[in-house]
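Residues per chain are reported as follows:
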Amino acid sequence: MEKILFKEKLRQWVDTLNDYEVLAPAFADSVWDYARVEAETEIDLSHTNTVNPPKQFAFPQREVFFRFERVDGVPRLTPTVPDPKPTLVLGVRPCDGRGMPCNDTVFSKEYRDPYYWARREKLTLVGLACNEPYAPNCFCQSVGGSPHSTEGLDVLMTDLVDRFHVRGITEKGLEVIERGGDAFDRVKDDDAAEVEKVHAAARSRPQRPVAEMDAVAKAIREQFDSPLWEEMARHCIGCGICTYLCPTCHCFDMNDEVTGPNAGTGERVRTWDNCQFPEFTMHTSGHNPRGDLAARLRQRVAHKFLYFVENHATRQCTGCGRCISGCPVGIDIVAVVDRVTRS
Amino acid sequence: MVNVDELRSLAAELLEQGQVRSLIGYRRGTAGVLAEPCTIAAPGEAETLVWDPTCLNNLALFLVEERKQQAAASAPDKRPVGVVAKGCDSRAVSVLLQENYFKREDVFILGVSCEGTGVIDPRKLSARLKGRWPTRVEFAGEDGFKVSAGGDETLVPARELLADRCLECREASPRLNDVLFGEVVTERGFDEPFRAAKAAQEATEDARWATWERHFDRCVRCFACRAVCPMCYCPECVVDSTTFVNTPGTSAEEKATRIRWCERSANVSESAVYHLTRAIHLAGRCIDCGECERVCPVNIPLRLLNTKLEMEAFQQFEYEVGRDFERPSLLSSFRDEDPNSFIR
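All values reported here derive from a predicted model rather than from experimental measurement. (Residues numbered from 1 in each chain as written. Chains lettered and ligands numbered in written order. Predicted model: local features only at pLDDT ≥ 70, side-chain atom pairs only at ≥ 80, totals over all residues.)

**Side note on the domain arrangement of chain B**
Residue and element names in this part refer to chain B. If you check the domain split of chain B, you get domain 1 (1-191) and domain 2 (194-330). Distance between the C-alpha centres of domain 1 and domain 2: 24 Å. With 24 residues of domain 1 in contact, the opposing surface of domain 2 contributes 20 residues. Residue assignment for the side of domain 1 that touches domain 2 shows that the elements contributing at least two residues are α2 (60-72), α3 (87-98), α4 (122-129) and α6 (164-167). (Domains from an automatic or database assignment. Contact = placed C-beta atoms within 7 Å. Helix = DSSP H or I, 4+ residues; strand = E, 2+ residues; numbered from the N terminus.)

Okay, structure coming up:
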């Protein structure tokens, strides 16, 4: 299904989705991030990519698995599988759209994670094609994506200056477009050509290039013990920016958090964790098999470009460039895979 | 003016003659407009060094890393490490010396003066360009910065792009140095010291708490603020019980009964504990390099927490962090005239 949405009617469409929690990018604190669309919100879709990817809406940083308490000396567990409102995210960039199928695979292939899927099934992603690379470190085309990829999205919108071209991709996407009714106009004969022109122009804009993408996986395997990793991680400060902001990083930790006056009352929670923290692989013995920053950089890169490929036949990097732009010391995954491949 | 060629030739000379074992400086990165830290050991690499308003990192952080590696080395190279340092960075070196983290002879400071300007605040650039990145930022004399973005070149007055810490800077050239490039500069009259911290405390207590509650709620607990801080060198961090070192001798009992001061959940309560604990642990130690705030991916104004405490240290004890490494630190010194109204 294809429709036209004049920009002044965007709000009218959103208003038809009154049983949804609608989120859209908003520029606050000098950074674009998703925020809830309220009655008075002026939706602004001129965003660069948001600082946080939309993975949080299916895989929040903190998820309660169950609550525990002691009743008459007997432990009692209360399940807490979430039952969220349907949630619609506007303005998802195609790189982030492509991140969701990676996460879907992780949370369903061997075990269907009920917490993830309770949120994921209620989630509708309305994408917005990139008419140009909005960040200096975009490289979606090097990793098999495109500035107008529909993968992982339910709807793809394309900005045509005064209006959006809106394409329904999944059942969920068709439903939210149908709900819009009069907010949408019919597609005119020359719109398809215009959309294609905008998409082609976007594809031709220069991005960060990965020279030999197909050779990367093998090269990482071959360079596993290379001193290059140490050199490239020399100034790594070991923070969690690259992984926490990544649209596909999904590692987590589980802890019991006491909420009551005694240790018998609390919650078991899943929280994001990441391979750049030393304790991620710390054994109870005190031995750490990934004991230094070089090993941790290698793990992050190898997981995305080698292990995920071996396990799931697709790369786990969508070229959004957040890990590069956000790195406090300039560690650059494009340069890293290039150097490993060329050495 | 800082002459970058002179900086490069001195760096090459120091390495050539073996006066330093390596040298930490800035070079152009591949990741975008900002310069990146580099450590060079060969004289030929000195020509990659740069100095411009995008040299944000406080390189004293890497002296801490060097020292940790030295401590672990079986035959450590005793020669000093060279480091390029701005005024604020040199104050960090002072504090590390004051705390005996390493010795004066372990470090050779190539001071660079920020002179009329200083370094840019990426969040001010972001606000100006609404999230887009420029391709280049250069010094443009006293007037400010030349910013190239989207094919256009704009001259932006220094005040509009300078980091708040630079606007409030009291010492824009490194007092502690072995050689200084550029002019000796103290205050530059952009803003009075602690202006932002003073302005922030004008609000009511309720409004301040609402602001911080919102920020702590946004925190993703990537710990970049801690990781980038040269003063956060503890191998074990109190807010993060999983960093507590386990050795083969650590008993199961000890591991099981460790107090968790701060849970892993990134919510308001836990993140408030984290940030406030960090702020208190930096009281009298923060030299206001602003790196914690700069690296924060969601732009939490962390510097306000630290400068608030430094303001108290200054107002109550006339203590200026990093001014003189031979003087005792704030927390290890006592003067008869120190105020004691808070002791009851």
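**Here we look at the sheet that holds strand β5 (residues 136-140) of chain B**
Adjacent strands of a sheet pair through backbone hydrogen bonds, lying either parallel or antiparallel. Residues and elements named next belong to chain B. Read across the open sheet, the three strands follow the order β5-β6-β7; overall the sheet is antiparallel. Edge positions in the open sheet fall to β5 and β7 (152-157), since each of these has one partner strand only. This sheet shows a mean twist of 25° between the axes of neighbouring strands, independent of strand direction. Two strands pair when backbone bridges link them, and β5 and strand β6 (residues 144-149) are joined in this way by five bridges, in the antiparallel orientation. When the bridges of β6 are listed, F139 appears paired with F145. (Pairing = 2+ DSSP bridges. Axes fitted to C-alpha atoms, helices over the stretch in contact; angles between N-to-C directions.)

**As for the nonpolar core**
Among the nonpolar cores identified, the biggest contains 128 residues, and V83 and A224 of chain B are the most heavily contacted of them. By residue number, the principal contributor to this core is helix α9 (residues 293-312) of chain A, which donates six residues. What A224 of chain B contacts, discounting residues up to four positions off in sequence, is C239, I241 and P328 of chain A together with V295 and C296 of chain B. Formed by 34 residues, the second largest nonpolar core is a distinct cluster that contains V22, L23, L123 and M157 of chain A. (Core = buried A, V, L, I, M, F, W, Y, C linked by C-beta atoms within 7 Å. Buried ≥ 20, exposed ≤ 12 C-beta atoms within 10 Å, placed from the backbone.)

**Structural notes on the interface of chain B and chain A**
Each partner contributes residues to the interface: chain B has 39 residues there, and chain A has 44 residues. For the side of chain B that touches chain A, the secondary-structure elements that each account for two or more residues are β2 (35-40), α4 and α9 (224-227) of chain B.

**Focus: the environment of C242 of chain A**
Residues and elements named next belong to chain A. Among the secondary structure elements, C242 is positioned in helix α8 (residues 241-244). Classification of C242 as buried rests on a count of 26 C-beta atoms within 10 Å. Separated by 240 residues in sequence, C242 and E2 place their C-alpha atoms 36 Å apart. Setting aside chain neighbours within four positions, we find C242 in contact with Q276, R300, C323, G326 and C327.

**Comments concerning the sheet that holds strand β8 (residues 179-181) of chain B**
All names here are of chain B. One open sheet accounts for five strands, arranged β2-β1-β3-β4-β8; its pairing is mixed. Each of the sheet's edge strands pairs with one partner strand only, and the pair in question is β2 and β8. Averaged over all neighbouring strand pairs, the angle between strand axes comes to 25°, with direction disregarded. Of the strand pairs in this sheet, strand β4 (residues 107-112) and β8 are connected by three bridges, and their pairing is parallel. In the strand pairing of β8, L110 is matched with V179. Sitting on the sheet, α3 touches β3 (81-85) and β4, and the angle it makes with β4 is about 155°.

**A look at α3 of chain B**
The α-helix winds at 3.6 residues per turn, so residues separated by three or four positions along the chain end up facing the same way. Residues and elements named next belong to chain B. Taking 1.5 Å of rise per residue, 12 residues should cover 16 Å, and α3 covers 17 Å from first to last C-alpha, within 8% of that figure. Burial within α3 is extensive, with 11 of its 12 residues counted as buried. Looking only at α3, the buried set comprises G87, C88, D89, S90, R91, A92, V93, S94, V95, L96 and Q98. The elements touched by buried residues of α3 are α2, β3, β4 and α6. Trailing α3 by a residue or two, N100 shows a phi angle of about 55°, which is positive. (Expected span 1.5 Å × (residues − 1).)

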